[in-house]
Amino acid sequence: MSERIWTALQRTSFADLKRRVTVVDALLTDTRRVTVTGAERFAYHDGDGDSAVWYFTADGRILLLTQWHDSELNAYGDHDEADEDFAVQDSYFDGVPANLVGLVRNQPETTESFNIRTHLGDSIHSATGVFWFDGIRWRVAEGLAEHCRRKGIDVYEESGLCCVNAYLLGEEFTPKRYFARHHCADDLDAAGQRTAMDVIRAAFARHA
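Residues numbered from 1 in each chain as written. Predicted model: local features only at pLDDT ≥ 70, side-chain atom pairs only at ≥ 80, totals over all residues. Heavy atoms only, no water.

Undergrad: Explain the pairing of strand β3 (residues 62-67) here, please?
TA: If a strand is regular, its side chains alternate between the two faces of the sheet. β3 sits mainly inside the fold: 6 of its 6 residues count as buried. Here β3 shows two buried faces, one formed by I62, L64 and T66 and the other by L63, L65 and Q67. When strand β2 (residues 51-56) meets β3, the two strands line up antiparallel, connected through 6 bridges. In the strand pairing of β3, A52 is matched with T66. The antiparallel pairing of β2 with β3 creates a hairpin that spans 5 residues between the two strands, and G60 there sits at a positive phi of about 90°. Pairing of β3 with strand β6 (residues 129-133), which is carried by 5 bridges, proceeds in the antiparallel orientation. (Buried < 20%, exposed > 50% of the residue type's maximum accessible area, 1.4 Å probe, protein only. Helix = DSSP H or I, 4+ residues; strand = E, 2+ residues; numbered from the N terminus. Pairing = 2+ DSSP bridges.)

Printed below as a string of structure tokens:
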């Protein structure tokens, strides 16, 4: 499934991807909007420690962080090993342009992204998956890819690409399809379904 998502991500245009991310952010993100200098930030989390965070820059690049709490790649660990945990997490970002990494290094912690800190106070956002779009194509961060090669880990499965399922990549993105994927109709009566669809249609219309 994760390789299918990766393929779908690569085939999704910048404009279509940003629309999907913006709509999902409007409908599913229940936390305070976080502003970051140098990019527009959008995020989704499922409440169980899994999240997807997107940074869209003005020059057409994107940084995507996924966090899957059950992953072998989860570097968020014991405070007593803070420096070691930071070194592992920081290494995942090797090969990503410095100004993109700067969006998540020594930045405030958020609901979707915990900080891994050194004892001296340096920090970087936690992420089991680090991906970036250079304006032409998507890339897996070289550091993450190398770590996975060295450890014999499937980067697509363990990085938590499943955390971007909310955006229906590779699928039709319409209010009806969104409702079918994100709502259990059996849990809503007719009035509840109409209300949910009205909210969804309004979000889609705002970001047409």
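Text resumes after the structure shown.
Undergrad: Where do I start with the packing of aromatic side chains in this structure?
TA: Each aromatic ring pair is specified by the distance between its two centres and by the angle formed by the two planes. As enumerated under the stated definition, the model contains 10 aromatic pairs in all. Note on W54 and W138: the rings are 6.4 Å apart at their centroids and 80° apart in plane angle, and the pair reads as edge-to-face. On the criterion of sequence distance, the pair formed by W54 in strand β2 and W138 in strand β7 (residues 138-140) is long-range, its members being 84 residues apart. Grouping residues by exposure puts W54 and W138 together as buried. Ring centres of Y178 and F204 lie 6.1 Å apart, and the angle between their planes is 70°; this geometry places the pair in the edge-to-face category. With Y178 in helix α7 (residues 175-182) and F204 in helix α8 (residues 190-206), this pair connects stretches of sequence that are 26 residues apart. There is no split in this pair, since Y178 and F204 are both buried. Members of the aromatic cluster, each reached through a chain of ring pairs, are F14, F42, W54, F56, F133, W138 and Y167. (Phe/Tyr/Trp six-rings, centres within 6.5 Å; stacked < 30°, edge-to-face > 60°.)

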